[in-house]
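# What the coordinates show
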Amino acid sequence: MTVNVKLAPGDIVRSRRGKDEGELAVVIALVEERFALVADGDKRRFDRPKRKNVLHLERIGVRSEEVASSIRDTGRVTNAKLRYAIDQIERRLDAEEKGE
């Protein structure tokens, strides 16, 4: 089975299934082609990411270059950077909702 969802480390995604449904997270890594490791820096920290089926993740079309470059350069990212990236996206999404 091939998956059409193209995810990369640093992508911000929304969970579509599971206990964390509706919550935002950052893709940390891809496992095989079917699973992604995601973390939010709060409930799911970088050192214990959640393995999610990519079909259960919704891309919101935003990528955190700061997180992506940190993962690419050092192989790690701080939980504070993850929380900051998600917070910025949530604020932008809220502003867009109020503006419509």
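Everything quoted here is computed from the prediction, not taken from an experiment.

## Describing a negative patch on the surface
- Together, E90, D94, E96 and E97 make up a region of like negative charge exposed at the surface.
- One can find E90 in helix 2 (residues 79-99).

## Some remarks on the sheet that holds strand 5 (residues 57-63)
- An order of 4-3-2-1-5 is seen for the 5 strands of this open sheet, with the pairing classed as antiparallel. Each edge of the open sheet is held by one strand with a lone partner, namely strand 4 (50-53) and strand 5. Strand after strand, the sheet turns through a mean of 45 degrees between neighbouring axes, direction not considered.
- Two elements, strand 2 (residues 24-31) and strand 3 (residues 35-39), share 5 bridges in a ladder whose sense is antiparallel. Note on strand 3: the bridge partner recorded for A29 is L37.
- Contacting strand 1 (11-15), strand 2, strand 3 and strand 5, helix 2 crosses the sheet at an angle of about 130 degrees to strand 2.

Reading guide: rules and limits
Residues numbered from 1 in each chain as written. Predicted model: local features only at pLDDT ≥ 70, side-chain atom pairs only at ≥ 80, totals over all residues. Heavy atoms only, no water. Patch = residues over 30% accessible without salt bridge, like charges linked within 9 Å, V, L, I, M, F, W, Y side chains within 5 Å. Areas by Shrake-Rupley, 256 points an atom, 1.4 Å probe, with all protein chains shown as cover. Salt bridge = Lys/Arg side-chain N within 4 Å of Asp/Glu carboxyl O. Lys, Arg positive; Asp, Glu negative; His and termini not counted. Charge placed at Lys NZ, Arg CZ, Asp CG, Glu CD. Helix = DSSP H or I, 4+ residues; strand = E, 2+ residues; numbered from the N terminus. Pairing = 2+ DSSP bridges. Axes fitted to C-alpha atoms, helices over the stretch in contact; angles between N-to-C directions. Contact = heavy atoms within 4.5 Å.

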